[in-house]
Amino acid sequence: MKLTDRIKNMNFSFLSSVIAIIIGLLFGLVILLISNPAQAMGGFSTILTGAFRDMRSIGRVMYFATPIILTGLSVGFAFKTGLFNIGASGQFILGAFGAVIVGIKLPQLGSVHWVVALLAAAILGGLWALLPGILKAYANVHEVISSIMMNYIGMYLVNYLVLNTVYDRLRNQSMGVAKSAVIPKMGLDKIFPRSNVNAGFFIAILAVIVIYIILNRTSFGFELKAVGYNRDASKYAGINEKRSIILSMVIAGALAGLGGGLLYLAGTGKYIEVVDILAAEGFTGISVALLGLSNPIGILFAGLFIGYITVGGDYMQLYDFAPEIIDIIVASIIYFSAFSLIVKNVIDRRRMKLGGGKVQ
Amino acid sequence: MDYIIEMLGITKEFPGIVANNEVTLKVKKGEIHALLGENGAGKSTLMNVLFGLYQPEKGVIKIRGKEVNIFGPREANALGIGMVHQHFMLVDSFTVLQNIVLGMETVAGGLLRMEEARKKVMALSEQYGLKVDPSALVSDISVGMQQRVEILKMLYRENEILIFDEPTAVLTPQEIDELMHTMRGLAAEGKSIIFITHKLNEIKAVADRCTVLRRGKFIGVVDVASTSKETLSEMMVGRKVNLEIDLQPLTPGEPVLQVDKLFVKSRRQGQDKDVVKNVSFSVRKGEIVCIAGIDGNGQTELVHALTGLTMPDSGLLTLNGEDITRQSVRFRNTHGIAHIPEDRHKHGLVLDYTLGENLVLQGYFTPEFQNNGFLRRKKIINYADKLIDKYDIRSGQGALTPARSMSGGNQQKAIVAREIDRNPDLLVAVQPTRGLDVGAIEYIHHKLVEQRDAGKAVLLISLELDEVMNLSDRILVIYEGSIVADLNPKEITVQELGLYMAGSAPGAVGRDVQ
């Protein structure tokens with residue numbers, strides 16, 4: 001394959017994501033027209049442009065995107081190595097708890113406090129994915145089943161742990177973390193005033209780059225992908241396929257856990273609430289990974305897009321729409337966006353059938 | 001005489017390759033027409049065009065003299081074209097009868113009327129001698145019966161034009177005979193058959209005429225009865241092919257592999273029997289030792305134990321004097337064992353990787369291809385280009401060709417290239433020529449002999465009697481997990497070897513069981 005062909009293939013992937021987004025937006029428009037025809041066009045243009053009205057809104061997009069880029073990376077990385085990590089939600093909340101407990105209990109760490117808290121988040125997230133990894137590697141238990149179970153166990157476990165360690169009785173949530181555990185702004189608050197964006201966004205970009213390099217440039221990634229594509233051939237080639245499966249799950253879990261840490265250490269009044277609800281970021285991560293076609297760079301932009309729609313949706317409250325309608329619209333745009341894989345398959349089949357043009 | 005199918009000047013291109021270049025195929029009514037060509041010559045592409053799965057860039061298709069456009073299997077079916085694919089298209093969890101009627105169910109008031117279908121299927125089965133059990137689940141029946149189900153599917157749909165895509169590749173010799181008989185019966189009833197194959201014996205046995213393709217081009221159409229096998233094979237490969245191998249006498253050297261009292265238990269659930277029983281033998285430098293036997297007599301398990309894919313239950317394996325019984329696959333790979341596996345899709349290749357990535361499947365971590373954990377992609381591509389050139393692997397886009405898109409023969413060549421180029425002390429080759437055309441078989445045989453002549457040890461596991469007799473210095477016969485004979489190919493006949501393989505030792509010649 002020549003370089004030009006590679007670019008062409010990349011373009012087709014990008015194109016399919018764009019088509020999926022357009023379908024999602026049109027569907028959102030239909031809902032708007034049904035619920036409130038008079039204000040539909042105004043509302044729609046707010047969704048599309050709201051995020052660009054000022055610097056603060058752009059900052060908010062980055063803030064919203066940060067955790068879901070991480071959960072998207074978690075799901076996408078697992079996809080690339082042949083695993084469907086549906087347990088990002090549980091790993092995310094475990095990571096959040098790791099960050100919060102370190103953030104409250106170890107203020108003596110001083111300037112590295114927030115770094116240690118984030119490491120704790122990644123470690124707990126990784127540990128939470130370890131068991132599904134081991135079950136898959138040694139007993140061939142499907143990771144979808146085991147990681148879904150781990151979501152619920154994780155949610156209740158974190159509720160229990162919060163109740164017994166860092167519980168704020170008045171508000172039914174975790175206590176606030178120490179100032180030293182809050183991720184620094186690194187000047188972002190100057191560029192995007194009054195938004196919550198912080199250095200966590202840089203960490204998300206760093207994670208994207210690291211995962212991209214691991215998957216595409218290293219022999220470690222070569223092994224992980226080989227096992228994902230063909231476990232038998234990997235074993236034949238001398239790759240320790242059980243170890244690879246476990247490591248893939250643990251890395252995916254660590255990414256989701258880090259996402260939890262980044263959200264709950266943002267210093268934005270986010271606390272772990274003691275309620276029986278799975279963390280939504282884990283599932284949004286699946287949409288992000290699908291929209292980004294599991295490519296780390298694609299996931300970065302997919303996460304930003306979903307942040308952008310979310311912020312735009314917020315401004316729609318200026319119009320006469322029930323908040324539930326806004327949620328439905330944002331959710332359905334995300335939902336349809338995740339169809340990019342189907343769109344891509346349709347495009348690929350078309351090209352195949354028509355013969356892919358000329359000989360190179 | 002009128003032609004039932006005319007495919008005129010068909011051209012079909014894929015990125016980097018012209019799969020069919022102005023190909024013409026004309027089939028008469030009631031004949032068995034063979035479509036002969038090497039792996040990757042464009043036979044399957046041509047049939048997929050006829051079946052509507054691909055649209056050609058150029059060319060005309062006429063069925064019964066009328067020009068048609070076929071856009072999919074449904075229209076092909078309506079024109080009376082049916083196909084038995086190489087990989088069967090059956091629903092495993094359905095019964096034979098359900099599979100046959102699938103898509104053509106007789107329905108009354110929304111309910112299935114299976115009784116009528118059953119009668120029709122049984123009548124067809126009787127008429128053509130295609131024995132099936134209509135209520136058996138497809139997952140429980142033999143490959144031969146699955147194929148009969150596929151044929152009945154076509155007959156049930158009253159197809160007049162039957163395409164068989166390499167139907168014998170998966171069958172035992174007895175099943176092949178039955179299939180040939182069935183095909184003759186079908187032709188006698190007026191069905192027209194296109195028989196895709198690269199096995200010359202089968203063409204001579206059943207076909208009336210034969211169209212030959214080579215590298216996507218139409219080479220010619222011949223009358224089978226008046227054309228010799230040699231001519232056919234020359235048309236197919238483009239040069240003279242010689243499968244006779246004259247092994248130069250060579251005194252074997254030191255033993256490379258020694259197997260001592262090896263036992264392997266069945267890994268199937270609920271079974272505890274030994275599938276490899278007390279096997280001892282050695283392979284020395286400069287000899288080809290062949291393990292001959294009928295499929296399923298423990299060869300797979302033996303090879304897996306030798307190459308480390310499973311651990312033996314007891315016994316001792318020694319490689320160059322070193323105990324490797326408990327060593328990992330990676331250790332064996334890096335200490336001189338190369339392995340051409342039985343199933344190239346399951347074990348041999350990562351189909352979603354490129355050809356280049358597959359060529360370094362065992363070596364990606366060595367300093368040659370890896371630096372501080374990073375792959376040296378330039379080096380990998382250069383190395384792949386070198387192997388592609390040296391071993392004549394044909395691919396559309398060189399090192400970056402997806403392995404999945406390559407033809408079976410070239411996939412196998414890639415594996416052979418990779419394994420031989422690792423310069424092993426011991427080459428374990430399991431059915432290395434299965435499903436390949438004569439050109440590729442000749443090539444791989446020569447490569448194995450080259451290894452032997454270069455003083456390497458070669459362990460060949462084969463089901464093909466000709467291959468066994470032709471290539472081996474020594475033949476070990478495996479039967480029900482035990483080595484029952486150690487034979488010199490010069491001192492026995494094919495018939496005697498067949499008897500040993502069937503478990504009835506003739507006792508007359510060369511009987512020195514280890």
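Residues numbered from 1 in each chain as written. Chains lettered and ligands numbered in written order. Predicted model: local features only at pLDDT ≥ 70, side-chain atom pairs only at ≥ 80, totals over all residues. Heavy atoms only, no water.

Along chain A, the regular secondary structure elements total 15 helices and two strands. The C-alpha atoms of chain A give a radius of gyration of 21 Å, which matches the 21 Å a tight globule of 360 residues would have. Expressed along its principal axes, the backbone C-alpha trace of chain A runs to roughly 70 × 60 × 35 Å. Burial statistics for chain A: of 360 residues in total, 53% are counted as buried. Of the accessible surface of chain A, which amounts to about 15800 Å², a share of 67% is contributed by carbon and sulfur atoms. Taking the average place of the 28 positive charges on the side chains of chain A and the average place of its 16 negative ones, the gap between the two points comes to 9 Å. (Helix = DSSP H or I, 4+ residues; strand = E, 2+ residues; numbered from the N terminus. Rg over C-alpha atoms; globule rule 2.2 N^0.38 Å. Buried < 20%, exposed > 50% of the residue type's maximum accessible area, 1.4 Å probe, protein only. Areas by Shrake-Rupley, 256 points an atom, 1.4 Å probe, with all protein chains shown as cover. Lys, Arg positive; Asp, Glu negative; His and termini not counted. Charge placed at Lys NZ, Arg CZ, Asp CG, Glu CD.)

So, on to the overall build of chain B. When helices and strands are tallied, chain B shows 17 helices and 24 strands. For 514 residues, the compact-globule estimate of 2.2 N^0.38 gives 24 Å, and the C-alpha radius of gyration of chain B, at 25 Å, lies within 12% of that figure. Based on the C-alpha atoms only, the size of chain B along its principal axes is roughly 70 × 50 × 50 Å. In chain B, which comprises 514 residues, the proportion classed as buried is 54%.

Turning to the interface of chain A and chain B, a few remarks are in order. Across the contact, 30 residues belong to chain A and 41 residues belong to chain B. Of the roughly 3100 Å² buried between chain A and chain B on both sides combined, carbon and sulfur atoms contribute 56%. Summed over the shared surface of chain A and chain B, the number is 15 residue pairs in polar contact (both at pLDDT 80 or more). Counting residues per element, the ones that place at least two in the side of chain A that touches chain B are helix H8 (200-217), helix H9 (219-229), helix H10 (231-236) and helix H15 (340-353) of chain A. The biggest single contributor to the side of chain A that touches chain B is H9 of chain A, with eight residues. For the side of chain A that touches chain B, the class distribution of residues is 13 nonpolar, nine polar and eight charged. (Contact = heavy atoms within 4.5 Å. Buried area = accessible area lost by both parts, 1.4 Å probe. Polar contact = N/O pair within 3.5 Å; in protein donor to acceptor, adjacent residues only side chain to side chain. Nonpolar A, V, L, I, M, F, W, Y, C, P; charged D, E, K, R; others polar.)

The next subject is the sheet that holds strand E15 (residues 287-292) of chain B. Residues and elements named next belong to chain B. Taken in spatial order, the six strands line up as E18-E21-E22-E15-E23-E24 in an open sheet, and their pairing is mixed. Both outer strands of the open sheet, strand E18 (337-340) and strand E24 (482-487), are each paired with one neighbouring strand and no more. Put simply, the sheet's adjacent strands are angled 20 degrees from each other on average, direction ignored. Pairing geometry for strand E21 (residues 426-430) and strand E22 (residues 457-462), over five bridges, is parallel. In the strand pairing of E22, Leu426 is matched with Ala457. Contacting E15, E18, E21, E22 and strand E23 (474-479), helix H9 (residues 299-307) runs over the sheet at an angle of about 150 degrees to E18. (Pairing = 2+ DSSP bridges. Axes fitted to C-alpha atoms, helices over the stretch in contact; angles between N-to-C directions.)

Here we take up the domain arrangement of chain B. Residue and element names in this part refer to chain B. By the assigned domains, chain B splits into domain 1 (3-237), domain 2 (243-336 + 426-433 + 455-514) and domain 3 (340-423). Carbon and sulfur atoms make up 49% of the surface buried where domain 2 meets domain 3, a total of about 1000 Å² over both sides. The set of elements that each furnish at least two residues to the side of domain 2 that touches domain 3 consists of H9, helix H10 (329-334) and E21. The leading source of residues in the side of domain 2 that touches domain 3 is E21, at four residues. (Domains from an automatic or database assignment.)

Here the focus is the packing of aromatic side chains. The way to describe two aromatic rings as a pair is by their centre distance and the angle between their planes. Inspection of every chain in the model, using the stated rule, returns 11 aromatic pairs over all chains. Site record: aromatic cluster; members linked through ring pairs are Phe222 and Tyr229 of chain A together with Tyr353, Tyr364 and Phe365 of chain B. One cation-aromatic arrangement involves Arg53 of chain A over Tyr315 of chain A; the distance from NZ or CZ to the ring centre is 4.1 Å. Here Lys413 of chain B stacks its cationic end above the ring of Tyr443 of chain B, 5.1 Å away from the centre of that ring. (Phe/Tyr/Trp six-rings, centres within 6.5 Å; stacked < 30°, edge-to-face > 60°. Lys NZ or Arg CZ within 6 Å of the ring centre and 35° of its normal.)

Once that is clear, we can look at unusual backbone geometry. Residue and element names in this part refer to chain A. Residues other than glycine seldom take positive phi values, yet Asn140 does so here, at roughly 55 degrees. Tracing the backbone through its elements, the reader meets Asn140 in the loop between helix H5 (113-139) and helix H6 (143-165). Of the residues examined, Asn140 reaches a relative accessible area of 55% and is grouped as exposed.

Core analysis: the biggest nonpolar cluster contains 154 residues, and Phe77 and Ile272 of chain A together with Ile475 and Leu497 of chain B have the highest contact counts within it. Domain assignment of the residues forming this core places at least three in each of domain 2 (243-336 + 426-433 + 455-514) and domain 3 (340-423) of chain B. With sequence-adjacent residues up to four places away left out, Ile272 of chain A is seen in contact with Ile93, Ala96, Phe97, Val100, Val158, Val162, Gln173, Ser174 and Tyr264 of chain A. (Core = buried A, V, L, I, M, F, W, Y, C linked by side-chain atoms within 4.5 Å.)

Time to look at the pattern of salt bridges. All names here are of chain B. Tallied over the entire structure, the rule returns 31 salt bridges over all chains. Between Arg404 and Asp352 there is a salt bridge, and its shortest N-O distance comes to 3.3 Å. Placement of Arg404 in the loop between helix H13 (377-390) and helix H14 (408-421) and of Asp352 in the loop between helix H11 (344-348) and helix H12 (355-359) is noted, with a sequence separation of 52 residues between them. Connected through salt bridges with shared partners, the residues Arg284, Glu287, Arg474 and Asp486 form a single ionic network. (Salt bridge = Lys/Arg side-chain N within 4 Å of Asp/Glu carboxyl O.)

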